[in-house]
Amino acid sequence: MGKKGVPEWLNSSLWSSGPSSTSVTGDQHIARYAAKPSPEIPNPRRLHLSKKVVNLVELRRLATQGIPDGAGIRPTVWKLLLGYLPNDRGLWASELAKKRSQYKAFKDELLVNPSEVTWRMDESAGLKTELLKGEGSGLLSRSEIVQGEHPLSLGKSSVWNQFFQDSEIIEQIDRDVKRTHPDMHFFSGDSSFAKSNQANPHYLCKLNPGIRYVQGMNEVLAPLFYVFRNDPDEDNAASAEADTFFCFVEVLSGFRDNFCQQLDNSVVGIRSTITKLSQLLRKHDEELWRHLEVTTKINPQFYAFRWITLLLTQEFNFADCLHIWDTLLSDPEGLRSETLLRVCCAMLILLRRRLLAGDFTSNLKLLQNYPPPTSATSCTSPTSCEGR
Amino acid sequence: MVLVLALGDLHIPHRASDLPTKFKSMLVPGKIQHIICTGNLCIKEIHDYLKSLCPDLHISRGEYDEDARYPESKTLTIGQFKLGVCHGHQVPGHPMGDLDSLAMLQRQLDVDILITGHTHQFKAYKHEGGVVINPGSATGAYSSITNDVNPSFVLMDIDGLRVVVYVYELIDGEVKVDKIDFKKTSTTASAH
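Residues numbered from 1 in each chain as written. Chains lettered and ligands numbered in written order. Predicted model: local features only at pLDDT ≥ 70, side-chain atom pairs only at ≥ 80, totals over all residues. Heavy atoms only, no water.

Some points on the overall build of chain A
Quick note on the threshold: Segments assigned H or I by DSSP are reported as helices when at least four residues long, segments assigned E as strands when at least two residues long, and all are numbered from the N terminus. Contacts were defined at the residue level, with two residues in contact if any of their heavy atoms lie within 4.5 Å.
Within chain A, the regular secondary structure consists of 21 helices and three strands. Considering only intrachain contacts with a sequence separation of at least 6, the fraction spanning at least 24 residues in chain A is 69%.

Regarding the interface of chain A and chain B
Rule in force here: The term buried area refers to how much accessible surface (probe radius 1.4 Å) is lost by two components on association, counted for both of them together. Salt bridges are identified by distance alone: a Lys or Arg side-chain nitrogen within 4 Å of an Asp or Glu carboxyl oxygen.
In this assembly, 35 residues from chain A lie in contact with 34 residues from chain B. Surface buried jointly by chain A and chain B totals about 3,200 Å² across both partners, of which 61% is contributed by carbon and sulfur atoms. Considering only the surface of chain A that becomes buried against chain B, Leu-132, Arg-142 and Leu-152 of chain A emerge as the three largest contributors, covering 25% of it. Residues Glu-169 of chain B and Arg-142 of chain A are paired through a salt bridge, measuring 2.5 Å at the closest nitrogen-oxygen approach. Secondary-structure elements contributing two or more residues to the side of chain A that touches chain B are α6 (114–125), β1 (130–131), β2 (137–139), β3 (143–144) and α7 (159–178) of chain A.

Describing the pattern of salt bridges
This is how it is decided: Note on exposure labels: buried denotes an accessible area under 20% of the residue type's maximum, exposed denotes more than 50%, and partly exposed covers the range between, all computed with a 1.4 Å probe on protein chains only.
Counted according to the given criterion, the structure contains 25 salt bridges over all chains. Here Glu-174 of chain B makes a salt bridge to Lys-22 of chain B, at a shortest N to O gap of 3.3 Å. With Glu-174 of chain B in strand β11 (residues 174–183) and Lys-22 of chain B in helix α1 (residues 21–26), the pair connects residues that are 152 residues apart, well separated along the chain. Of the residues examined, Lys-22 of chain B reaches a relative accessible area of 37% and is grouped as partly exposed. Close ionic contact of Asp-110 of chain B with Lys-82 of chain B constitutes a salt bridge, the shortest N to O distance being 3.2 Å. Here the residue Asp-110 of chain B occupies a position in the loop between α3 (98–109) and β6 (113–116), and Lys-82 of chain B occupies one in strand β5 (residues 81–86), the gap between them amounting to 28 residues. The exposure class assigned to Asp-110 of chain B is partly exposed, which follows from its relative accessible area of 23%. Connected through salt bridges with shared partners, the residues Asp-122 of chain A together with Arg-162, Lys-179 and Asp-181 of chain B form a single ionic network.

Looking at the domain arrangement of chain A
All names here are of chain A. Put simply, the rule reads: Domain start and stop points were drawn from an automatic or database domain assignment. Under this definition, polar contacts are N or O atom pairs within 3.5 Å; protein pairs additionally need one hydrogen-donor-capable and one acceptor-capable atom, and for neighbouring residues in sequence, both atoms have to be side-chain atoms. Ten residues, namely Ala, Val, Leu, Ile, Met, Phe, Trp, Tyr, Cys and Pro, are considered nonpolar, four, namely Asp, Glu, Lys and Arg, are considered charged, and the remaining ones, Gly among them, are considered polar.
Its domain assignment divides chain A into domain 1 (91–131 + 156–254) and domain 2 (261–384). At the junction of the two partners, domain 1 supplies 15 residues and domain 2 supplies 12 residues. Summed over both partners, the interface of domain 1 with domain 2 buries about 1,100 Å², with 76% contributed by carbon and sulfur atoms. Viewed at the interface, domain 2 and domain 1 are joined by zero salt bridges. Where domain 1 meets domain 2, there are one residue pair in polar contact (both at pLDDT 80 or more). Put simply, the parts of the chain that give the side of domain 1 that touches domain 2 at least two residues each are α11 (217–229) and α13 (240–259). Classifying every residue of the side of domain 1 that touches domain 2 by side-chain character gives nine nonpolar, four polar and two charged.

What about helix α15 (residues 286–295) of chain A?
Owing to its 3.6 residues per turn, the α-helix brings residues three or four apart onto one side. All names here are of chain A. Here is the rule we go by: This arc is taken over the directions from the axis of the helix to the C-beta atoms.
Regarding α15, the residues found buried are Leu-288, Trp-289, His-291 and Leu-292. Taken down its axis, α15 places every buried residue within 165° of arc, on the same side. Of the exposed residues in α15, the ones pointing more than 90 degrees away from its buried face are Glu-287 and Thr-295. On its buried side, α15 packs onto α14 (270–284), α16 (301–309), α18 (339–350), α19 (352–357) and α20 (360–368). Lys-297 sits one or two residues past α15 and shows a positive phi near 55°.

Digging into the environment of Arg-142 of chain A
Among the structural elements, Arg-142 of chain A can be located in the loop between β2 and β3. With residues up to four places along the chain from it excluded, the contact list for Arg-142 of chain A reads Phe-122, Val-167, Glu-169, Asp-178, Lys-179 and Ile-180 of chain B. A distance of 2.5 Å separates a polar atom in the side chain of Arg-142 of chain A from a polar atom in the side chain of Glu-169 of chain B. Among the polar contacts made by the side chain of Arg-142 of chain A, one reaches the side chain of Asp-178 of chain B at a distance of 3.1 Å.

Looking at the pairing of β5 of chain B
Residue and element names in this part refer to chain B. Heads up, the rule is: Here, any two strands with at least 2 DSSP bridges between them count as paired.
Among the six residues of β5, five are classified as buried, and the element is accordingly described as predominantly covered. Bridge analysis of strand β4 (residues 73–78) against β5 gives six bridges, and the strand direction is antiparallel. Bridge pairing in β5 places Thr-75 opposite Gly-84. Adjacent in sequence and paired antiparallel, β4 and β5 are bridged by two residues, among which Gly-79 carries a positive phi angle near 60°. Across four bridges, β5 lies against β6 in parallel orientation. Within β6, the position partnered with Leu-83 by the bridge is Ile-113.

Considerations on the nonpolar core
Filter applied, for reference: By nonpolar core is meant a set of buried Ala, Val, Leu, Ile, Met, Phe, Trp, Tyr and Cys residues that side-chain atoms within 4.5 Å join together.
One finds Trp-78, Leu-224, Leu-292, Trp-307, Leu-312, Trp-325 and Leu-348 of chain A to be the most contacted residues of the largest nonpolar core, which totals 86 residues. Those residues in contact with Trp-325 of chain A that lie beyond four places of it in its chain are Trp-78, Val-220, Pro-223, Leu-224, Val-251, Leu-311 and Thr-313 of chain A.

Quick word on α6 of chain A
Which entries qualify depends on this criterion: One less than the number of residues in a helix, times 1.5 Å, gives the span that helix is expected to have.
Here α6 of chain A contains 12 residues, and its C-alpha end-to-end distance of 16 Å stays within 8% of the 16 Å for a straight helix at 1.5 Å per residue. Within α6 of chain A, burial applies to Pro-114, Ser-115, Val-117, Thr-118, Met-121 and Asp-122 of chain A. Looking straight down α6 of chain A, one finds its buried side chains confined to an arc of 165°; they lie on one side. Exposed and oriented more than 90 degrees from the buried face of α6 of chain A are Arg-120, Glu-123 and Ser-124 of chain A. For α6 of chain A, the elements touching its buried residues are α7 of chain A together with β9 (152–159), β10 (162–171) and β11 of chain B. Capping the start of α6 of chain A is the job of one residue whose side-chain oxygen sits 2.9 Å from the backbone nitrogen of Ser-115 of chain A: Asn-113 of chain A. With its phi angle positive at about 85°, Gly-126 of chain A sits one or two positions after the end of α6 of chain A.

Put into structure tokens, the structure is as follows:
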């Protein structure tokens, strides 16, 4: 990639951001994409999925270019790409059953009723319960509380205290989850998104003590749940909650360090990731880099923070976001790789004409409200051309 | 799992200035679902404070309450239990011959658990299939009988047919918590 001038592939008119259809809602976009019979070849993908042992390398290669929407295979492809499903088809049924029951066990274990816990403690301590019968009177006997447990306890290890703290977090998550994609019927309507996912981020945090729930995790859940819930296979659709949880964990594990506050300034934290993006831009388009960071002094944190931590879910309409995720998830090096950064870099380069002409205010406005491209593949194709 | 706070006989500001600090630090909003107050708050500020802990507040009138609109008695159903509250100053013979008079009140109100005050002494006893609980005085205010009153209140955990009554008392500056455990035999109406 020459540093002078614009790379050849960027000159194609396919990628010029023309007048955008800003008023089209998420739902309409999805409908439009779903209705169009895909010109790309669904057959190789179906062929791969129907093999006894799926060739992951081939699958990744094809998925990078985007998975056709109408084919109903995205849920399965994503599960394969994230390693949720093994590549041997014969093992799918048993794996799924195992994972789904594991999830149920988590729920039972983590959503604890302190009343019941106290009761069990009492029973093992041999405390008796007074039974109220029709006759007899007298003072009710008092007993000592077991292990200092009582509902108003402020002790750190108290089951009751834990319960109330967890309830607060779940309430906060619930509020955020309910506000996810309010313009889309799937999320705001009577669907189970809110109910099924109010606790998923909470379980993740319980299982990873270094992470606290951060607002935005609900946005990462949304594409996963949407895709899995719309699986043409009824069983799979019904188990969307459990499948979403495991895949959510997998997705975030690549980016976990970005959510850990203590790592913010470290080599693996979010600041360092943003610096890498900056360096990547400089390598591919020094002129643009210089204009943005030196001339107009736009700190990449102002826009890249949200791009990276929320995996671009906020920058594109929902349908395009799913295509971008096809590419992100298909990277053979997994999510820890630089694919996300390369997509971000491409997003910047695609706007270079406008950015080079703009000042601090107009550029910042543009980057924080990224204009919809004419085709979702425009952002992802450059990255596969770039190579390593 | 429903948490119900029962307290009363605070007598603020006439006999006490406030709840004990150690009690206040434990009574935080968001944990309690219902409050039952036997009466004698006595002023609106205390009403507002209790409301801030929990919006579902039930108060019966004590003889010194400034707000004359509180009812003489009140009943409510929580889960499988019918509860009633009445301050108790109206009951003849109370606080002397309390058992029978209160039993009559309980039958009148037709409740499983009667919460009553006036004596400023914690007490919990069963009588003919029902339970009477007196949470005492939450501020330790003196009563007509005695000056030696330990501040106390009660928190009930109603879970199905079972109730665990946690008794919180301030004794020599420390909060002591005890519990009483009882359960009903069936889901039908109260024993009366």
